[in-house]
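# Breakdown of the fold
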Amino acid sequence: MKRLFIVLLVVGSPLVSSAQTYDDVTVGMRCWQNMSGDLECEYKVGQSLHFGIAGVGEPDASIYFYASSSKGDYFAVVGLSHKCVVVKPGLKAKEPRRIDLAFVSPRNGKVYHTWESCQAASW
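Notes on the structure follow. Just so it is clear, the structure is predicted and the values come from calculations on it, not from any experiment.

### Structural notes on the sheet that holds strand β8 (residues 111-112)
Ordered in space as β5-β6-β7-β8, the four strands form an open sheet in which the pairing is antiparallel. What marks the edges here is a single partner per strand, and that holds for β5 (74-79) and β8. Inspection of the sheet shows strand β6 (residues 84-89) paired to strand β7 (residues 102-104) by three bridges, in the antiparallel sense. Looking at β7, one finds that V86 is bridged to F103.

### Things to note about the sheet that holds strand β1 (residues 29-33)
Taken together, the four strands give an open sheet; going across it, the order is β1-β2-β3-β4, and neighbouring strands pair in antiparallel fashion. The sheet terminates laterally at β1 and β4 (62-67), the two strands that pair on one side only. Each strand of the sheet is rotated relative to its neighbour by a mean of 15 degrees, with strand direction disregarded. Sitting on the sheet, helix α2 (residues 20-27) is in contact with β1 and β2 (39-45), with an inclination near 125 degrees to β2.

### Comments concerning the environment of V27
Along the polypeptide, V27 turns up in helix α2. When the C-alpha atoms of V27 and V45 are compared, they prove to be 8.0 Å apart, with 18 residues separating the residues in sequence.

### What to know about a nonpolar patch on the surface
A cluster of nonpolar side chains, namely F65, V78 and L80, defines an oily patch on the protein surface of about 300 Å² accessible area. Within the secondary structure layout, L80 lies in the loop between β5 and β6.

### Some details on unusual backbone geometry
One non-glycine residue, K83, adopts positive backbone phi at about 65 degrees. Counting through the fold element by element, K83 comes out in the loop between β5 and β6. Residue classification places K83 among the partly exposed residues on the basis of a relative accessible area of 44%.

### Topic: the state of the cysteines
Evaluation of the coordinates by the stated rule reveals two disulfides. Here C31 connects covalently by a disulfide to C41, the sulfurs 2.0 Å from one another. Disulfide C31 to C41: torsion about the S-S bond roughly 110 degrees, handedness right-handed. Linking C31 in strand β1 with C41 in strand β2, this pair joins segments that are ten residues apart in sequence. Looking at C41, the relative accessible area reads 2%, which means it is buried. Note on cysteine connectivity: C84 is disulfide-linked to C118, with sulfurs 2.1 Å apart. Across the S-S bond of C84 and C118 the torsion is about -110 degrees, and the bridge reads as left-handed. In this pair, C84 is assigned in strand β6 and C118 in helix α3 (residues 115-122), connecting sequence segments 34 residues apart. Note on accessibility: C84 and C118 belong to one class, buried. Each disulfide in the chain links cysteines that, numbered along the sequence, combine into the pattern 1-2, 3-4.

Thresholds, definitions, all that
For every chain, the first residue of the written sequence is number 1, and numbering continues from 1 along that sequence. Per-residue local features are limited, in this predicted model, to residues with pLDDT of at least 70; the limit for side-chain atom pairs, both in listing and counting, is 80 or more; totals at the level of whole chains, interfaces and linings are taken over all residues. Side-chain numbers here rest on the full set of heavy atoms in the structure, without hydrogens or water. By definition, two strands form a pair when at least two bridges between them are found by DSSP. Here a helix means four or more residues in a row that DSSP labels H or I, a strand means two or more in a row labelled E, and each is numbered from the N terminus. Angles here are taken between N-to-C directions and fall from 0 to 180 degrees, while the axes themselves are lines fitted to C-alpha atoms, restricted in helices to the stretch in contact. Contact between two residues is taken to exist if any of their heavy atoms lie within 4.5 Å; hydrogens are not considered. Residues form patches when they are more than 30% accessible in relative terms and have no salt bridge. Like charges link within 9 Å. Nonpolar side chains (Val, Leu, Ile, Met, Phe, Trp, Tyr) link within 5 Å. Under the convention used here, a 1.4 Å probe and the Shrake-Rupley method define accessible areas, while residue burial counts only the protein chains that appear. Any carboxyl oxygen of Asp or Glu within 4 Å of a side-chain nitrogen of Lys or Arg constitutes a salt bridge here. Under the scheme applied here, a residue whose accessible area is under 20% of the maximum for its type counts as buried, over 50% as exposed, and between as partly exposed, the area being computed with a 1.4 Å probe on protein chains only. Any cysteine sulfur atom paired with another within 2.5 Å is treated as part of a disulfide.

Pasting the structure below:
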């Protein structure tokens, strides 16, 4: 019984995330150097999420949301405290995965499993 409690505690923790969202964001990621020499990254995740980061790593980097809806399979928000894009499953996700999150750093364009690791890489 004690082991079951520990497993539930870990699964219920907001700091723990599943790998499905992380995998889907990573698969949908594409980065390139634009004509100005800046790094740009684009993320197409599932059917409903499309965003990009222009000037990755630059102090004036910008995050563009082309499509994002909580009613779709994925959506995203920006976490002001850790300065990362948070990708979340939406209402049309294949399975309800409330804590299955991924975090994208505007500092390097990489995808992370936790906000702590994204924040550490970001600023």
